[in-house]
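Each chain, letter by letter, is given below.
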Amino acid sequence: MPDRVLHAISTAESGSFCTARCSCGWRGPARRARSQARTDAGRHLSEAEAGPDTDSKTGRPLE
């Protein structure tokens, strides 16, 4: 679909914190563990693939 946003994830470190970021403008919370920042990014990608027709917490279709 041409209207879909490309999601390119990266992480950025600032001091002892790591933040996941996406090219769509999404930004995760600052984390001390890089692995948790990557988990946040993976969750964002999953939610982006599911699309706006699902609840972001449960993944179920909105009624």
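Residues numbered from 1 in each chain as written. Predicted model: local features only at pLDDT ≥ 70, side-chain atom pairs only at ≥ 80, totals over all residues. Heavy atoms only, no water.

Peer 1: Would you mind showing me how to read the pairing of strand β1 (residues 9-14) here?
Peer 2: Examined bridge by bridge, β1 and strand β2 (residues 17-22) share 6 bridges and lie antiparallel to one another. Counterpart to serine 10 in the pairing with β2 is arginine 21. The hairpin turn running from β1 into β2, its antiparallel successor, is 2 residues long, and glycine 15 in that turn takes a positive phi close to 65°. (Pairing = 2+ DSSP bridges. Helix = DSSP H or I, 4+ residues; strand = E, 2+ residues; numbered from the N terminus.)

Peer 1: It is not clear to me how the pattern of salt bridges should be interpreted in this structure. Could you clarify?
Peer 2: Side-chain pairing between opposite charges can occur once the charged atoms of the two side chains come close. Enumeration according to the criterion identifies 3 salt bridges in this entry. A salt bridge links aspartate 40 to arginine 31; the nearest nitrogen and oxygen atoms lie 2.9 Å apart. Classification of aspartate 40 by relative accessible area gives buried; the value is 6%. Among the residues examined, arginine 31 registers a relative accessible area of 28% and is labelled partly exposed. The residue aspartate 40 makes a salt bridge to arginine 43 at a minimum N-O spacing of 3.7 Å. Taken together, the positions of aspartate 40 and arginine 43, both in helix α1 (residues 34-50) and 3 residues apart, correspond to about one turn of that helix. Each of Arg31, Asp40 and Arg43 takes part in a single network of salt bridges with overlapping partners. (Salt bridge = Lys/Arg side-chain N within 4 Å of Asp/Glu carboxyl O. Buried < 20%, exposed > 50% of the residue type's maximum accessible area, 1.4 Å probe, protein only.)

The values reported here are purely geometric and, on their own, carry no functional implication.
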